[in-house]
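# Survey of secondary and tertiary structure
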Amino acid sequence: MNDAGFRGRVETVPAQVRYVNAEWKGREDIPRIGSRETRRANTSMQEIRVENARPLQSAGATDLERSGYLLTTHQTQIRDFRDEAEVAKVYYPEMESLVEKTTGAAKAFVRSHLVRTETPIDFNDGYARFVRCDYNRKRLKEMSEEVLADRGVTPDPNWIYVWFNTWQPFDNPAINNPLAFIDWQSLPADDVIDYFY
């Protein structure tokens, strides 16, 4: 279903989603999830309801500050998302411009990209199939300064760093493997469990 098919409908659907097992909460050691086997050992299915975010955003009930996400449209000029050179040359500047425009950031830099697929070469190329965050909040400043160093930019101690993921299906509509995300207002900080890939 395309984006227009969702507009104007407020709906929730039941879903089963894998979360890191609660047994890891508060422990000093953290789980490693880098294979199908370790994912199954360290996560378990939970019954949840997924809400359509489009009408919520249209009604002004969500935004980056309150919810941690933003839905927007972008028409890419890229022809082949599997062409690494084309992605770097075309898509990276598009995403930097989009993030600057939608967030008001003075400057945005792309760190990397990943093409997820039904036929992955390794575990990280497949769809994650469990709830996770791509970035370690504890390393935010350090990771940001690594990206800046790669670009030859000297960081200012007063800068504020924010990381964003952008996501775009390209082979087919995202029906079988849609993106779902947590509104950060619904996630207590003490429910966040670190893990290693």
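Residues numbered from 1 in each chain as written. Predicted model: local features only at pLDDT ≥ 70, side-chain atom pairs only at ≥ 80, totals over all residues. Heavy atoms only, no water.

### Focus: the packing of aromatic side chains
- One pass over the structure, following the stated rule, counts four aromatic pairs.
- Arranged with centres 4.9 Å apart and planes meeting at 25 degrees, the rings of Phe81 and Phe170 form a pair that is stacked. Here Phe81, found in the loop between helix 3 (64-67) and helix 4 (84-103), pairs with Phe170, found in the segment after helix 5 (140-150); they are 89 residues apart in sequence, far enough to count as distant.
- Among the residues examined, Phe170 registers a relative accessible area of 31% and is labelled partly exposed.
- Arranged with centres 5.5 Å apart and planes meeting at 75 degrees, the rings of Phe130 and Tyr195 form a pair that is edge-to-face. Here Phe130, found in the loop between helix 4 and helix 5, pairs with Tyr195, found in the segment after helix 5; they are 65 residues apart in sequence, far enough to count as distant. (Phe/Tyr/Trp six-rings, centres within 6.5 Å; stacked < 30°, edge-to-face > 60°. Helix = DSSP H or I, 4+ residues; strand = E, 2+ residues; numbered from the N terminus. Buried < 20%, exposed > 50% of the residue type's maximum accessible area, 1.4 Å probe, protein only.)

### Digging into helix 5
- Within the sequence span of helix 5, burial applies to Met143, Ser144, Val147 and Leu148. Buried residues of helix 5 fall within an arc of 140 degrees about the axis and therefore sit on the same side. Along helix 5, exposed side chains directed more than 90 degrees from the buried face belong to Ala149 and Asp150.
- Of the residues flanking the end of helix 5, it is Gly152, one or two places downstream, whose phi is positive at about 75 degrees. (Arc of directions from axis to C-beta.)

Fair warning: the whole summary comes from geometry, so function is off the table for now.
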